[in-house]
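Understanding the architecture of this molecule
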Amino acid sequence: AQKITQTQPGMFVQEKEAVTLDCTYDTSDPSYGLFWYKQPSSGEMIFLIYQGSYDQQNATEGRYSLNFQKARKSANLVISASQLGDSAMYFCAMREGNTNAGKSTFGDGTTLTVKP
Amino acid sequence: EAQVTQNPRYLITVTGKKLTVTCSQNMNHEYMSWYRQDPGLGLRQIYYSMNVEVTDKGDVPEGYKVSRKEKRNFPLILESPSPNQTSLYFCASSVGYVGLDTEAFFGQGTRLTVV
């Protein structure tokens, strides 16, 4: 069964510094996609970044990058130059592509607080 | 504007009274999914659909039904709601195929209370 583990319930970072949010996953499907989402206190879910299991390069989207280490089954989110508006809950998620194509699993989330 | 629209945003209902939460997307996405979010439990997938007339169970399908008669709509049906279905519900859509996904869109959420 697929599983996502986010080991950091809460993280603090100083404004303008970089922060890494950890995510490890487990799946036997060779084809899968990894997602990161942000959920601010207002409650909406905001897509941040996507990495496919066959992608050779780490995904980047502006200040967000995904440190994809396939052998270690990790997909850490790196936020560079943190801003106060980055304070939110962050979820890592995975969707399988073959055996259970479409089935998605989310981690429990990490609450990030950016300090001025 | 690309979006996923859920209705209603807020709903208070009584136990046993059938209800439907609608979800519509305007991006011609093949993949759509429903999640529920409960405090301390993160998001859990209820049902998903890879295409029209193709639906499958997620991790917590009990007490829910879905249908996908057309590509843009994916309603969530609670035939006989119970208080343990009080939750925040999200609908989402994306292209759907690993390797082609570049972005996933979520609806604004529906906060359901069953009394």
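Think of each chain on its own: its residues are numbered from 1, step by step along the sequence as written. For naming, the first written chain is A and the first written ligand is 1, with later ones following in the order written. Restriction of local features to residues with pLDDT of at least 70 applies here, the model being predicted, together with a cutoff of 80 or more for giving and counting side-chain atom pairs; totals for whole chains, interfaces and linings are based on all residues. Where side-chain values are given, they derive from all heavy atoms of the structure, hydrogens and water being excluded.

Secondary structure assignment for chain B yields zero helices and 11 strands. Here the radius of gyration uses the C-alpha set of atoms, whereas the globule reference equals 2.2 Å times the residue count to the power 0.38. The globule rule puts the C-alpha radius of gyration for 115 residues at 13 Å, and the 13 Å found for chain B is close to it. In terms of overall dimensions, chain B has a C-alpha envelope of 40 × 30 × 30 Å along the principal axes. Buried, partly exposed and exposed residues are distinguished by accessible area as a fraction of the type maximum, computed with a 1.4 Å probe on protein chains only: under 20%, between the cut-offs, and over 50%, respectively. With 115 residues in all, chain B has 50% of them scored as buried. Considering only contacts within chain B whose residues lie at least 6 apart along the sequence, 54% involve residues at least 24 apart. For every accessible area listed, the method is Shrake-Rupley and the probe measures 1.4 Å; residues are considered covered only by the protein chains on display. Here chain B has roughly 5,400 Å² of accessible surface; of this, 51% comes from carbon and sulfur atoms. Counting from the N terminus, the helices are DSSP H or I runs at least four residues long and the strands are E runs at least two residues long. Residues count as neighbours in contact if any of their non-hydrogen atoms are within 4.5 Å of one another.

Here we come to the overall build of chain A. A tally of regular secondary structure across chain A gives zero helices and 12 strands. Listed N to C, the secondary structure of chain A is β-β-β-β-β-β-β-β-β-β-β-β in terms of helices and strands. Counting only C-alpha atoms, chain A reaches 45 × 25 × 20 Å along its principal axes. Within chain A, residue pairs in contact and separated by at least 24 positions form 56% of the contacts whose partners lie at least 6 positions apart. Accessible area of chain A: about 5,300 Å², with a carbon and sulfur share of 48%. Seen as two clouds, the 10 positive and the 11 negative side-chain charges of chain A have centres 2 Å apart. We score Asp and Glu as negative and Lys and Arg as positive, and we do not count His or the chain ends. Where a charge lies is defined by one atom per residue type, namely NZ (Lys), CZ (Arg), CG (Asp) and CD (Glu).

In this section: the sheet that holds strand β7 (residues 65–66) of chain B. All names here are of chain B. The four strands are arranged β1-β3-β8-β7 in an open sheet whose pairing can be described as antiparallel. In the strand order of this sheet, the two ends are held by β1 (4–7) and β7, each with one partner. Two strands pair if DSSP finds at least two bridges between them. One ladder, built from two bridges, connects β7 with strand β8 (residues 76–78); its direction is antiparallel. The residue of β8 that forms the bridge with Val66 is Leu76.

The next subject is the interface of chain B and chain A. With 23 residues of chain B at the interface, the matching set in chain A holds 24 residues. By convention, the term buried area covers the 1.4 Å-probe accessible surface removed from two parts as they join, with the contributions of both added. Note on chain B versus chain A: buried area summed over both sides is about 1,800 Å², and carbon and sulfur give 57% of it. Within this document, salt bridges are pairs made up of a side-chain nitrogen of Lys or Arg and a carboxyl oxygen of Asp or Glu, the two lying within 4 Å of each other. Taken together, chain B and chain A are joined by one salt bridge. Among the salt bridges present, the one from Lys103 of chain A reaches Asp59 of chain B, with a minimum N-O distance of 2.4 Å.

Next up on the list: the state of the cysteines. Two cysteine sulfurs form what is called a disulfide whenever their separation falls within 2.5 Å. This structure, assessed with the given rule, holds two disulfides over all chains. Between Cys23 of chain A and Cys92 of chain A runs a disulfide, and the two sulfur atoms are separated by 2.0 Å. One quick way to see it: the torsion about the S-S bond of Cys23 of chain A and Cys92 of chain A is about -60°, and its sign makes the bridge left-handed. Of this pair, Cys23 of chain A sits in the loop between β3 (19–21) and β4 (24–26) while Cys92 of chain A sits in strand β10 (residues 88–96); the two residues are 69 residues apart in sequence, bridging distant segments of the chain. In this model Cys23 of chain B forms its disulfide with Cys91 of chain B; the gap between the sulfur atoms is 1.8 Å.

Scanning the entire structure with this criterion turns up seven salt bridges over all chains. When salt bridges with common partners are traced through the structure, they connect Arg36, Asp38 and Arg44 of chain B into a single cluster.

Residues and elements named next belong to chain B. Along the chain, the position of Gln6 falls in strand β1. Within polar-contact distance, the side chain of Gln6 engages the backbone oxygen of Tyr89 at 3.1 Å. Setting aside chain neighbours within four positions, we find Gln6 in contact with Thr22, Trp34, Tyr89, Phe90, Cys91, Gly107, Gln108, Gly109 and Thr110. A 3.5 Å cut-off defines polar contacts: any pair of N or O atoms within that distance qualifies, except that in protein one atom must be a possible hydrogen donor and the other a possible acceptor, and neighbouring residues in sequence count only when both atoms are side-chain atoms.

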